[in-house]
Each structure stands twice: as structure tokens, then as C-alpha cells.
Amino acid sequence: MPRPELDASAVLVRVQAAGLHVGDCFTVRGRPFVVRMETGWLRPRCGIPGYDFSGVVEQVGDAVTDFQPGDEVFGYHPGTCAEFVAAGNDKLAKKPRGVSHAEAAAIPTSGLAALHALRDVAKLQSGQSVLINGASGGIGTFAVQIAKSIGAEVTGVCSETNIELVESLGADHVVDYTKADFTATAQPYDVILDNVENRRLAEVRRALKPTGTLICNSGTGASGLAFWIRLLQPLILSPFTKQSLRRYISVPLRRDLEVLGELVDAGKLKPVLSETHSLERVAEALAKLEQGHTAGKRAVNISAK
């Protein structure tokens, strides 16, 4: 394919690494069907997997003044499993120091989703209690660390295999979901970030304080009518309860990428990579993501020519 065309407000980046998350599986499959509103109804508009990248600026548009060739950057743009991307000037930021390109590429989508959920939706405060279901996953590993940086008391839910990992990220308490029921707690939480949604809404709500916030953040595990019931049920119930039952959309912006970069530079945030893949192994990487149980993120190392 030819290099992407560069408009006045875009930055051409020579990609060194791309980050993958479970949402990439949705866009490749076109399921659930609602994702086609963004990716194309009959076939993908882009056709190249990946939304997250880290690399080196090759060229800047005429209107770009904040970046110059040679800068190391990371950010968001459709089609990042490629040698070049032409990303919008407001969708990338300087790469954090002290992390590899593969680690930096793991940050944008999942890191922003965690930041927006806890900071903007839950408005999490120091001293509050938060439970993160799926604490060892892509968003969960970031959410544990971001919640700790805010000063919250963090409980992570994961399998026995990942207990040590979640503890190493700063979780105060870890629940092994194979041995304990996190919804049957004597001390309900101020905030629950549910990245799995593998329990009934009523069950999760009983672990939430009467005025707490539940953030539902998973599109997996249901299809057809069940998908729409899962999607809409918390939004329909929320106005009739003191509990705030929320869904949200995470929009990538440079200022928030810079916040994540500052947390990385301060030693408060560390990307977790389960495995890195070559460009020729992207399909394999997506298949492993689709199977579930990936600890942290998967990245793709790309050698641009």
C-alpha cells in the first residue's frame, strides 16, 4: 500500500510498534453488529487492524507546530498495524521516557479508557474504595494503577494465576473469582469498574454503596437481543435509583495522552505486556486476545522500511 496522505493538521509517523486490545477483534469480525456504524456496514473502511501506535515522526503537515521529524510519539489512529500512519495532531503526544515503543503502544486506548472511567465518569476521590473486575486485563491493569495514583483503596478481581501481577500494580486487596464471590461483600464499594460483565446487574449492584457508581465497560459475552438488554439495562434503571449506573465513550485527546505520559514518567503507571508479536503474526495475536485471559496487553513490533 502507498504511504498515507498527509493533510495540513496531520503527522506522518513511522510506526515502531502497535498495541492491540479486544476491541480490535470486534472491528475485524464486525461483531457485535453495532461496531459497523464506525468501521463500515458491509466491509471495513480501513482494513488494517489496530488503533494504538508508538513511533517516530517522519513528516508533519503545514499547520503542525508541536511536533517535528525525529520526535518519538505515541497515540491513536485507525490502521496502526502498518509501517506508517498519518495521525491527527490532537491524537498523539510525546512518548514517555523510559519505556519501549512496544510498551508505549500499549497505552492509548486502554489507558485512556481507564482514565476516563475513573477520573471523569466516577470522579474517583482519594480515600474512596473501588473494585475493578477484570483487574489483570488491558484496561484493568491501567485502572488499578490510576486508582492508586488518585489515592483510592483498590480491590482487584482476577484469577489465581494473576493475583501476584495485580498485587504488584498496587492493589490493596485481590479477589480470586474462582474461589470467592466479589458481589457478596460486607463492605460495599464507592465505585465499581466492571470490565467483564460476567455477573447479573442486580448481583453487582449489591456490592455497590447506595449512592455509589457502577461503570459497565464490556461488550463481550452476549449477542443478539441479550447484547442489547445488557447494553441498555443499566441506563434504563439508573434514573430510578440513587446508584449511578453508567456506560461511557472514551474519546482520545492529546491532553489526556499527556496525562498518562506524565504518570509513566513519574513511575506511577507501567504498561503490562503479555506478549509481543511480529507484523506477520497479527492474526494470531488477535485470536489469542479473542480467547480471553490475556494479562495486560499484546503489542506488535513493526520494522518500517
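Preceding this paragraph is the structure being described.
Quick summary incoming for the structure in this document. These numbers come from a predicted model, not from an experiment. (Residues numbered from 1 in each chain as written. Predicted model: local features only at pLDDT ≥ 70, side-chain atom pairs only at ≥ 80, totals over all residues. Heavy atoms only, no water.)

**Thoughts on the packing of aromatic side chains**
Move 1: For the coordinates displayed, the defined rule picks out two aromatic pairs.
Move 2: Ring geometry for F33 against W41: centres 5.7 Å apart, planes inclined by 40 degrees, an arrangement best described as tilted.
Move 3: Taken together, a centroid distance of 5.5 Å and an interplanar angle of 20 degrees make the contact between Y51 and Y76 stacked. Of this pair, Y51 sits in the loop between α2 (36–39) and β2 (52–60) while Y76 sits in strand β3 (residues 72–76), and the two are 25 residues apart along the sequence.
Move 4: Over the face of the ring belonging to F84 we find R3, whose NZ or CZ atom lies 4.4 Å from the ring centre.
Move 5: Over the ring of F182 we find R199, and its NZ or CZ is 5.9 Å from the ring centre. (Phe/Tyr/Trp six-rings, centres within 6.5 Å; stacked < 30°, edge-to-face > 60°. Helix = DSSP H or I, 4+ residues; strand = E, 2+ residues; numbered from the N terminus. Lys NZ or Arg CZ within 6 Å of the ring centre and 35° of its normal.)

**Quick look at the packing of helix α4 (residues 108–121) against helix α5 (residues 138–150)**
Move 1: Look at α4 against α5: their axes get within 8 Å of each other, and the N-to-C directions meet at 50 degrees. One way to sum up the angle between α4 and α5 is to call them oblique. Considering only the axes of α4 and α5, their crossing is right-handed. Residue-level inspection shows S110, G111, A113, A114, L115 and L118 of α4 in contact with α5, the latter providing G138, I139, F142, A143, I146 and A147. (Axes fitted to C-alpha atoms, helices over the stretch in contact; angles between N-to-C directions. Parallel < 35°, antiparallel > 145°, perpendicular 65-115°, else oblique. Left-handed = near helix turned anticlockwise from the far one by under 90°. Contact = heavy atoms within 4.5 Å.)

**Digging into the nonpolar core**
Move 1: L118, V130, I132, V144, I146 and V154 are the most contacted members of the largest nonpolar core, which totals 38 residues.
Move 2: Put simply, the parts of the chain that give this core at least two residues each are α4, β6 (129–133), α5, β7 (153–158), β9 (189–194) and α9 (254–265).
Move 3: In terms of residue count, the dominant contributor to this core is α4 (seven residues). (Core = buried A, V, L, I, M, F, W, Y, C linked by side-chain atoms within 4.5 Å. Buried < 20%, exposed > 50% of the residue type's maximum accessible area, 1.4 Å probe, protein only.)

**Digging into the sheet that holds strand β11 (residues 244–246)**
Move 1: Ordered by their spatial adjacency, six strands build an open sheet running β8-β7-β6-β9-β10-β11, and the pairing between neighbours is parallel. Single-partner strands in this sheet number two, and they are β8 (173–176) and β11. Going from strand to strand, the sheet's axes swing by 15 degrees on average, the running direction of each strand aside.
Move 2: Alignment of β6 against β7, held across five bridges, turns out to be parallel. Paired with L131 across the two strands is T155, which belongs to β7.
Move 3: The sheet strands contacting α5 are β6, β7 and β9, and the helix crosses β6 at an angle near 170 degrees. (Pairing = 2+ DSSP bridges.)

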